[in-house]
Amino acid sequence: MKAVAILWLRQLKRYSRSRVRMVGSLGQPLLFLLALGFGLGPIFSRAGAGDYIEFLSPGIITMGILFTAVFSGIEIIWDRQFGFLKETLVAPVSRLTIVLGRALGGATVALIQGLIVFAICLLAGFRVADPRLLPLALLFMFLIALLFTAIGTALGSVLEDMQGFPLIMNFFVLPLFFFSNALFPIKGLPKALLFAVSLNPLSYGVDGLRVALTGSPLSGFLPDLAVLGVLTAALLALSSYLFSRIEL
Amino acid sequence: MKATPRDPQILTVPGGERAATTVIEIAGLVKKFGDFVAVDHISFAVEEGIVFAFLGPNGAGKTTTIKMLTTVLSPSGGSMRLAGIDPLSEPLLARRAFGIVFQDPTLDDELTAFENMELHGILYGVPRRERRERIAALLSLVALSERAHDLVKKFSGGMRRRLEIARALVHRPKILFLDEPTSGLDPQTRNQIWQYIRELCRERKVTVFFTTHYMEEAERVADRIAIIDHGRIVAQGSPQELTRRTEQKTLEDAFIALTGRDIREEEAAPIDRMRMMRRVWRGRR
Ligand SMILES: Nc1ncnc2c1ncn2[C@@H]1O[C@H](COP(=O)(O)OP(=O)(O)OP(=O)(O)O)[C@@H](O)[C@H]1O
Ligand SMILES: [Mg+2]
């Protein structure tokens, strides 16, 4: 639909015009990659777990996507404050159309951000196991992006202003990242932590992406895909419901 | 838009003379925020092709009424009709019938003037060729052709306002809602804007529903006026009728006679407070 396309395009234009944002949101993944990747790398391989950069990179790419995606979704709050949201709310298109346009736009932006992090990982020494699996990797990156943009949109529809933003970052987004399999392997984790990690949707994204990029147990990606797919659809539905309840 | 059975134009009388038709009809409209009644059972009708001023002190309920008419706020009670359409049951259809300039800006600052108009045209399903033609014509109407490809964040308040009005017309609405379209603008820009709007009214039979705090402006441009105070309609009529009825010389005096001299205290919703702060900030620069 044209309305979805133009809202998607709007997000891309805003992203491409804001270099500061682009560079700014690369900072954190870069920091994690360099400090953890090279700092913990020697211990990791001494423990016989292999190359840490290789293990860590899919996690860091996911991190780049996660942050950008949640932020893109939450941007609804800005649009509400700066008024543009009203322009879309009085347009003769359904709320679902608006949410889809925004979510696809935000997800595309997050995907691009993820690809930039990917390129940085390659510079840091990361190697792709099998280039034929790259489309699968892209699919996972996009699903992660869409899922978390939808979550951001749902949050942005409920919150009145940006004051809740640090709360969401510190008590939702960062925990999601740390209590996932992005930074450490799940083998031999304490039970409670293992439980948290396996409840965390992000873990399925990281796992799928890791399978696609490093080629290790290829059998594992179908459940990941199923979990992500179902969750993404559910969250899109939830966010368009919450969005449709916005009054100004 | 094609003529549907609901279309008021169908009501044309056989002789070719057009009967005065109402395009906006409100009956017993109510909006409550918790216990507070912001709009209290208001009813009125607006005829096609006129300029209608909706006046009232701060916090009287003007914006709230416009928000309900334009489907962004659901009423607590009552009924409405826009160009024969019930916006509550057919919001998408109703939205095609009106254009709106809200009290607070609704442009995307990170897009250019042209991009803002283009986005609007696409959302309203205006075909490409017409869209481009209308955008060019409207931009020149509001004297922004040269700035079409500049980012809106570089625009002054007056330029933004003009752009918003032009954008609201891209889909050729039957009704144009303007919530304080001229607040904070210099007299030159205000005159210019009213000139455009009057032309529009005359040429295309667009019905204009606007609010303002400038009484001399309302007196000059409005065909009909309704005054709202504390959520209730306290008077209706032509500017002349209102001044005559209150035995005052100007509309401003009539307005004060009808609504009293007290300054309204109002508690702004959090989001409005933020906007107000933003306005103060902007003003300081
Ligand atoms: N979302 C809301 N929640 C609670 N109260 C609200 C809300 N929106 C408006 N009000 C209240 O409803 C009343 C009417 O507000 P409204 O914005 O319609 O006034 P107005 O006539 O447009 O005033 P102004 O001329 O200052 O723009 C005010 O007392 C306002 O504080
Ligand atoms: Mg108002």
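Anything mentioned here points back to the structure above.
Note that the coordinates shown come from a computational prediction; the quantities given were computed from them, not determined experimentally.

A. Layout of unusual backbone geometry. All names here are of chain B. The backbone of Thr71 shows a phi angle near 70°, a positive value even though the residue is not glycine. Relative accessible area serves as the criterion here: at 14%, Thr71 is assigned to the buried category. A positive phi angle is found at Ala83, which is not glycine, with a value near 50°. Positionally, Ala83 belongs in the loop between strand S4 (77-82) and helix H2 (91-97).

B. Quick look at the sheet that holds strand S2 (residues 36-47) of chain B. Residues and elements named next belong to chain B. Taken together, three strands build an open sheet; the order of strands is S2-S1-S4 and the sheet is antiparallel. Looking along the sheet, the strands with just one partner apiece sit at the ends: S2 and S4. Strand-to-strand twist in this sheet, taken as the mean axis angle between neighbours without regard to direction, amounts to 15°. Both strand S1 (residues 22-33) and S4 contribute to a ladder of five bridges, which runs antiparallel. Within the sheet, the bridge partner assigned to Glu25 lies in S4 and is Arg81. Helix-sheet contacts for helix H1 (residues 62-69) involve S1, S2 and S4, and the interaxial angle to S1 is about 115°.

C. Geometry of the packing of aromatic side chains. In this structure the tally under the stated criterion is 17 aromatic pairs over all chains. Between B:Phe44 and B:Phe209, the ring centres sit 6.1 Å apart and the planes meet at 20°, which makes this aromatic pair stacked. Separated by 165 residues along the polypeptide, B:Phe44 in strand S2 and B:Phe209 in strand S7 (residues 207-211) bring together distant segments of the chain. Taken together, a centroid distance of 5.7 Å and an interplanar angle of 75° make the contact between B:Phe98 and B:Phe177 edge-to-face. In this pair, B:Phe98 is assigned in strand S5 (residues 98-101) and B:Phe177 in strand S6 (residues 175-179), connecting sequence segments 79 residues apart. Take B:Phe177: its relative accessible area is 0%, and that puts it in the buried class. The structure contains a cluster of three or more aromatic residues connected by ring pairs, namely B:Phe44, B:Phe52, B:Phe54, B:Phe98, B:Phe177 and B:Phe209. The ring of A:Phe55 carries the charged tip of A:Arg210 above its face, separated from the ring centre by 3.6 Å. Of note, B:Arg190 hangs over the ring of B:Tyr214, and the distance from its end group to the ring centre comes to 3.9 Å.

Conventions adopted
Residues numbered from 1 in each chain as written. Chains lettered and ligands numbered in written order. Predicted model: local features only at pLDDT ≥ 70, side-chain atom pairs only at ≥ 80, totals over all residues. Heavy atoms only, no water. Buried < 20%, exposed > 50% of the residue type's maximum accessible area, 1.4 Å probe, protein only. Helix = DSSP H or I, 4+ residues; strand = E, 2+ residues; numbered from the N terminus. Pairing = 2+ DSSP bridges. Axes fitted to C-alpha atoms, helices over the stretch in contact; angles between N-to-C directions. Contact = heavy atoms within 4.5 Å. Phe/Tyr/Trp six-rings, centres within 6.5 Å; stacked < 30°, edge-to-face > 60°. Lys NZ or Arg CZ within 6 Å of the ring centre and 35° of its normal.

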